[in-house]
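Working through the structure, step by step
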Amino acid sequence: MLFRSLAIASTLSLASATDGLVRMKLKKRSDHEMVAQHLKRENDALKLAMANGNAPEVADIAKKVMLRGANHQDEFEEQVAVAEGKSENIIIKDYSNAQYYGEIMIGTPPQKFTVIFDTGSSNLWVPKVKCHNCGYWFIHGGKSKYDEKKSSTFQKDGSVFHIQYGSGDVKGFFSQDHVTLADDIVVKDQKFAEVQDAGGLGVGYIMGQFDGILGLGFEGLSLGGAHTVFKNAIDQGAVAQSVFAFDLGNNKDGELTMGGYDDSKFTGEINWVSLSEPKYWLIDIENVKVGDHASGPTNGIVDSGTSLITGPSSEIRKIAHSVGAMPNLLGQYTIDCSKVPNLPDLEFHVGGKTFSVPGKDLVIQASGTCLFAMMGMDIPTGPKWILGDVFMRQYYTIFDYGEKRVGFAKPNY
């Protein structure tokens with residue numbers, strides 16, 4: 001539930017009939033694009049301060065730079081306060097940094113949408129025609145928008161949809177229609193949201209190369225009593241097993257497999273970890289260690305919708321300071337690229353095993369800028385750590401919905 005950047009649309013392909021798996025290609029947004037967007041956001045903040053003839057005081061900038069939409073000024077100020085060390089509260093989900101996208105289709109005949117496949121949420125939503133604050137034609141060609149009048153399988157629901165992400169909220173109403181995965185795997189009568197206003201997501205959504213979100217969490221997170229797309233796919237027999245898996249590649253496009261996992265994607269054994277709460281993909285963590293820092297017993301979620309690794313802001317601040325990373329105006333950290341070869345590994349101790357992220361992979365580097373891939377975030381009643389894409393790139397990651405467990409294996413790259 002956090003923080004992400006933008007990517008590119010994707011193509012979907014059906015697996016060969018022999019293994020019964022549904023394979024969906026995920027397009028990875030380049031590190032160069034991700035860093036460039038970050039620098040632009042920071043430069044815009046500095047320009048605002050300079051244009052007013054003031055020193056670039058963080059508090060003043062926070063009052064004027066509405067990166068998260070006009071209704072969420074307080075949340076942005078909180079995020080900047082974290083960078084200053086003045087606050088330990090921070091937002092939960094910000095899709096402006098999402099790095100992986102894929103395609104689905106809704107309706108009959110199918111209408112195509114690019115979505116983030118997000119294990120950190122559970123609803124499916126896409127913008128509807130005449131949606132407000134839902135992109136512009138001159139930015140990435142605009143958003144694809146659902147038109148219920150063009151679908152013969154549309155069913156009216158009409159109940160209110162209002163979901164609050166950390167970066168803002170989206171509003172609309174629920175409907176039902178067929179959802180197609182990988183060209184011809186059809187999930188019938190899926191309850192989903194037609195979004196009328198996505199203004200709360202701000203510039204991150206407008207500039208993002210995604211239309212909506214397809215949640216892959218559990219029903220406990222779902223609004224409106226909606227079953228997830230994957231749960232309905234299981235119940236309708238559209239997938240062979242109640243399992244899906246992510247291969248996020250190594251600086252390349254990834255793949256989401258539904259109905260099982262692809263054993264050609266990894267070597268060695270699968271390390272299974274039972275969930276501590278089948279709502280999020282939440283696991284108990286015995287220790288988080290980097291350099292001299294150790295967290296002690298904690299917990300975390302495995303979240304495909306979050307690009308970075310997040311943890312309690314007080315701990316991330318100490319870790320960042322210990323490696324020489326500096327906070328910036330947007331609540332993130334940057335680090336001198338010359339220090340990257342000497343960064344210590346980040347270790348998650350789970351179930352008696354150690355799952356590591358090499359120090360060199362704790363940065364997102366492009367054009368001489370190195371973003372530190374850890375960010376502080378405090379969720380009062382939620383998980384302490386979020387193991388996002390930076391972590392998931394290190395492992396072939398399997399989500400076993402039926403057995404309520406997650407598995408990690410060494411990828412073939």
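These figures come from a predicted structure and were not determined experimentally.

Further remarks concern the pairing of strand 27 (residues 396-400). For strand 27, the tally of buried residues reaches five of five residues, placing the bulk of the element in the interior. Here strand 27 shows no split at all, with Y396, I398 and D400 on one side and T397 and F399 on the other all buried. Direction of pairing for strand 10 (residues 243-247) relative to strand 27: antiparallel, over a ladder of four bridges. Within the sheet, the bridge partner assigned to F246 lies in strand 27 and is T397. In this structure, strand 27 lies alongside strand 28 (residues 405-411), joined through five bridges in antiparallel fashion.

Within the fold, K353 resides in strand 22 (residues 353-357). Since its relative accessible area comes to 38%, K353 is described here as partly exposed. Along the chain, K353 and E286 lie 67 residues apart, while their C-alpha atoms are 9.5 Å from each other. When neighbours within four sequence positions are excluded, K353 is seen to be in contact with E269, N271 and F348.

Read across the sheet, six strands follow the order 13-14-17-26-18-25 without closing on themselves; strand pairing throughout is mixed. Whereas interior strands pair on both sides, the edge strands pair on one side only; in this sheet they are strand 13 (277-278) and strand 25 (374-376). As paired strands, strand 18 (residues 309-311) and strand 26 (residues 385-387) are joined by two bridges and run antiparallel to one another. In the strand pairing of strand 26, T310 is matched with I386. Contacts from helix 6 (residues 313-323) reach strand 18, strand 25 and strand 26 within the one sheet, and its direction differs from that of strand 25 by about 135°.

Looking at where S122 falls in the secondary structure, it is placed in the loop between strand 4 (111-118) and strand 5 (124-132). On the basis of relative accessible area, S122 is assigned to the buried category, the value being 3%. Within polar-contact distance, the side chain of S122 engages the backbone oxygen of F218 at 2.6 Å. In this view, S122 contacts G215, L216, G217, F218, L221, S222 and T228; residues no more than four positions away in its chain are not counted.

Take the sheet that holds strand 20 (residues 333-334) next. The strand order 19-20-24-23 describes an open sheet built from four strands, whose pairing is antiparallel. Each end of this open sheet is capped by a strand with a single partner; those strands are strand 19 (326-327) and strand 23 (363-366). Summarising the sheet, strand 19 and strand 20 pair through two bridges and their orientation is antiparallel. Bridging across to strand 20, P327 finds its partner in Y333.

It is worth spelling out the state of the cysteines at this point. Per the counting criterion, the structure on display carries two disulfides. Between the sulfur atoms of C131 and its disulfide mate C134 the distance is 1.8 Å. Taking relative accessible area as the criterion, C134 reaches 1% and is therefore assigned buried. Across a sulfur-sulfur distance of 2.2 Å, C337 and C370 are joined as a disulfide pair. Residues C337 and C370 share a disulfide whose torsion about the S-S bond is about 120°; that sign makes it right-handed. One end of the pair, C337, is in the loop between strand 20 and strand 21 (346-350); the other, C370, is in strand 24 (residues 369-372), and 33 residues separate them in sequence. For the protein, the bonded cysteines pair up as 1-2, 3-4 when numbered in the order they occur along the sequence.

Here is what the cut-offs are and how they apply
- Residues numbered from 1 in each chain as written.
- Predicted model: local features only at pLDDT ≥ 70, side-chain atom pairs only at ≥ 80, totals over all residues.
- Heavy atoms only, no water.
- Buried < 20%, exposed > 50% of the residue type's maximum accessible area, 1.4 Å probe, protein only.
- Helix = DSSP H or I, 4+ residues; strand = E, 2+ residues; numbered from the N terminus.
- Pairing = 2+ DSSP bridges.
- Contact = heavy atoms within 4.5 Å.
- Axes fitted to C-alpha atoms, helices over the stretch in contact; angles between N-to-C directions.
- Polar contact = N/O pair within 3.5 Å; in protein donor to acceptor, adjacent residues only side chain to side chain.
- Disulfide = S-S within 2.5 Å.

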